[in-house]
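The chain contents come next:
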Amino acid sequence: MKLIQRPLLCAGLLGVSLLLGACSEESDTAAPTAAAAPVDPNLVQAGDNLGNIIKLGTVSRVELSDTLRVAGQVDFDEQRVTRIGATVTGRVTELTAMLGQQVKVGDTLAVLNSTELGAAQLAYMKARAQAQLNERNVERAQQLFAADVIGSAELQRRESELSISRAEMRAAADQLRVLGVSSKSLEKLTSTGAINSVSPVVATMAGTVVERLVAQGQVVQPSEVMFTVADLSRVWVEAEVPEQQAAAVQPGQTIQVEIPALGQQLTAKLIFIADTVNPMTRTIMVRSELDNSDRSLKPAMLATVLIQGRPTARLVVPDTAIVRENNKDYLFVEVGPQQFKLTEVALGPAIGTMRPVLGGVAEGTKVVTEGAFHLNNERKRKELE
């Protein structure tokens, strides 16, 4: 019995040894596969289907100008605005001008009834009558002096009275002109002697009535503004530029003016730059002028003024090269033939169609400038697979 069991035991041990050896070989063969490095999800190989879509370029330096955007508004051209008031104290008896009405020079805007005007006309008539009386007295005195009836002293006294009365008449006439009496009306008053206490308020400039500050029956003074008339064929656009950006603006510089209410962008030139800084806002006022023959621009409309700064050399990429992922900016950098890596970069605000590169890639780096969107879709698809 013992002779039979020993060979069987040896055979069993040999079988177990062979089985363990085979398992060890299989284990050694499979180990390298399990330890292989994972594929980088940011790498993508461009297939033949993307060959005609992708275009490459280099990160390079170009001369670019920053665009300064400042808030502004449309305003009247102050050289084309006139504020009209009464020339005498009086009560408004008639209003003929309304807001928005187009007027010409000499058009009547309102009519006043003024006792002050009547009193001034009466003073003129009295001065004129006294001057005529003194003229006759001088003529009579000259005749009497020639006949040796009066002495030279009496003649000189009457001539002095005539000079004074003529001066008083001229002063009264000047006062009427100050009160708005025209030369034609003064001649009529002189010839007829009829006193007229009615005074018209007339337009002194052609344009649009943009303000009316008077009502019928109101008593007005010469110091009060009754109407504002403006020529709106040209308007100003004024904006406030921060003092830190003052070096970016120059007189005569071409700018762009955006009018959000009209959906328009207009070209203008800076015609004025203030010489002082507003101490409250730390800004400098700049002004441009726009043609408004179609009356589409309304004073007080909001505007945005775009001013180009001085050009400087900057590292840039076109905006078509940018891939936006998770609120971050990326570029596809070429790392091999038809092989690209999604690389995070820091970019500045867009200047036209270019984005300044602040960090992430160096100058001369080859990147995808067109087709980056399709290449990113290909990367995502392979990542899902």
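Keep in mind that this is a model prediction, so the values were computed, not measured. (Residues numbered from 1 in each chain as written. Predicted model: local features only at pLDDT ≥ 70, side-chain atom pairs only at ≥ 80, totals over all residues. Heavy atoms only, no water.)

J.: A description of the overall build of the chain should follow, citing residues and the corresponding values.
T.: A count of helical and extended segments in the chain gives 5 helices and 23 strands. Looking at the chain as a whole, 35% of its 385 residues qualify as buried. Sequence-distant contacts in the chain: of pairs separated by 6 or more residues, those separated by 24 or more amount to 74%. Total accessible area on the chain stands at roughly 23,100 Å², and carbon and sulfur atoms take up 54% of it. (Helix = DSSP H or I, 4+ residues; strand = E, 2+ residues; numbered from the N terminus. Buried < 20%, exposed > 50% of the residue type's maximum accessible area, 1.4 Å probe, protein only. Contact = heavy atoms within 4.5 Å. Areas by Shrake-Rupley, 256 points an atom, 1.4 Å probe, with all protein chains shown as cover.)

J.: Can you break down the pattern of salt bridges residue by residue, with the values?
T.: A full pass over the atoms with the stated rule returns 20 salt bridges. The salt bridge involving D329 is made with R324; its shortest N-O contact spans 2.7 Å. With relative accessibility at 10%, the residue D329 sits in the buried group. Given the relative accessible area of 51%, R324 is considered exposed. Taken together, the salt bridges that share partners define one network made up of E154, R157, R158 and E161. (Salt bridge = Lys/Arg side-chain N within 4 Å of Asp/Glu carboxyl O.)

J.: Outline the packing of aromatic side chains, listing residues and values.
T.: Per the counting criterion, the structure on display carries 0 aromatic pairs. Positioned above the aromatic ring of W236, the side-chain terminus of R287 is 4.0 Å from the ring centre. (Phe/Tyr/Trp six-rings, centres within 6.5 Å; stacked < 30°, edge-to-face > 60°. Lys NZ or Arg CZ within 6 Å of the ring centre and 35° of its normal.)

J.: Before we move on, can you summarise the sheet that holds strand β4 (residues 67-76) with the specific residues and values?
T.: Here we have 6 strands rolled up into a closed barrel, ordered β4-β13-β16-β15-β14-β17, and antiparallel in their pairing. On average, each strand axis in the sheet is inclined to that of its neighbour by 40 degrees, with strand direction left out of account. Pairing between strand β14 (residues 254-259) and strand β17 (residues 302-308): 3 bridges, direction antiparallel. When the bridges of β17 are listed, E258 appears paired with T304. (Pairing = 2+ DSSP bridges. Axes fitted to C-alpha atoms, helices over the stretch in contact; angles between N-to-C directions.)

J.: Lay out the packing of helix α3 (residues 152-178) against helix α4 (residues 183-192) with the relevant residues and their values.
T.: Where α3 meets α4, the closest approach of the two axes is 10 Å, and the angle between their N-to-C directions is 135 degrees. As judged from the angle between their axes, α3 and α4 are oblique. Here α3 and α4 pass one another in a crossing that is right-handed. Between α3 and α4, the residues in contact are A173, L176 and R177 and S183, L186 and L189, respectively. (Parallel < 35°, antiparallel > 145°, perpendicular 65-115°, else oblique. Left-handed = near helix turned anticlockwise from the far one by under 90°.)

J.: Outline the side chain of T82, supporting the account with residue identities and numerical values.
T.: Along the chain, T82 falls in strand β5 (residues 81-84). We classify T82 as buried; its relative accessible area is 15%. A polar side-chain atom of T82 sits 3.4 Å from a polar atom in the side chain of T204. Residues within four places of T82 in sequence aside, it is in contact with T204, M205, F227, T228 and V229. (Polar contact = N/O pair within 3.5 Å; in protein donor to acceptor, adjacent residues only side chain to side chain.)

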